[in-house]
Amino acid sequence: MAKTVQVTTNDPSSPQTKLEIKGLVKKAADVQPDYVRLAGRLGSKMEKKVTVTPTADFPFRIKQLKTKKKGNIRTVFKADGKGYEVTVTSVYPREGSFDDEIIITTDNPKLPELRIPVNAYVLPAEPGR
């Protein structure tokens, strides 16, 4: 991977310069989908499953799942042979939208955590409910 950035300095002979950064990027895990989007009506079950598969270069076991914010989602994981299945369920108590993040803690010191963004939109409950 290569990225170019423009750097501004206080050097009068070279006030601006372009800096190119190159490096090899190895994928640590295959996360499908790489973000969670939930949508539904208040009182209905809003749930998605995410598969997390470690790569050969970064083997790991999940130690813990937590969320950035409390009261938005519930997460549960189980091993499925090659990796893990993470179930994400909305527990948001009202209509509206929210953003959150699943933080996966692993046992690999080179990959102490993975993060999966979550966003959701909760519509009003069905009339009559």
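Please refer to the structure higher up on the page.
Residues numbered from 1 in each chain as written. Predicted model: local features only at pLDDT ≥ 70, side-chain atom pairs only at ≥ 80, totals over all residues. Heavy atoms only, no water.

Novice: What exactly am I supposed to notice about the pattern of salt bridges here?
Specialist: Opposite charge on two side chains permits pairing when their charged atoms draw close. In total, this model carries nine salt bridges according to the counting rule given. Glu85 is the salt-bridge partner of Lys78, the closest N and O atoms lying 3.9 Å from each other. What emerges from the salt-bridge pattern is a single network uniting Lys68, Glu101, Glu113 and Arg115. (Salt bridge = Lys/Arg side-chain N within 4 Å of Asp/Glu carboxyl O.)

Novice: Looking at this model, I keep getting lost on the sheet that holds strand S3 (residues 29–32). Mind explaining?
Specialist: Backbone hydrogen bonds are what pair the strands of a sheet, in a parallel or an antiparallel way. Strand order in this open sheet of four strands is S3-S5-S8-S7, and the pairing throughout is antiparallel. The open sheet has two edge strands with one neighbour each: S3 and strand S7 (73–79). Direction aside, the axes of adjacent strands within the sheet are offset by 20 degrees on average. For S3 and strand S5 (residues 47–54), the ladder comprises four bridges, and the chain directions are antiparallel. If you follow Ala29 over to S5, its bridge partner there is Pro54. (Pairing = 2+ DSSP bridges. Helix = DSSP H or I, 4+ residues; strand = E, 2+ residues; numbered from the N terminus. Axes fitted to C-alpha atoms, helices over the stretch in contact; angles between N-to-C directions.)

Novice: It is not clear to me how a nonpolar patch on the surface should be interpreted in this structure. Could you clarify?
Specialist: On the surface, a nonpolar cluster with roughly 240 Å² of combined accessible area is contributed by Val5, Leu19 and Ile21. Its location among the elements puts Ile21 in strand S2 (residues 16–22). Assessed through its relative accessible area of 48%, Ile21 is described here as partly exposed. (Patch = residues over 30% accessible without salt bridge, like charges linked within 9 Å, V, L, I, M, F, W, Y side chains within 5 Å. Areas by Shrake-Rupley, 256 points an atom, 1.4 Å probe, with all protein chains shown as cover. Buried < 20%, exposed > 50% of the residue type's maximum accessible area, 1.4 Å probe, protein only.)

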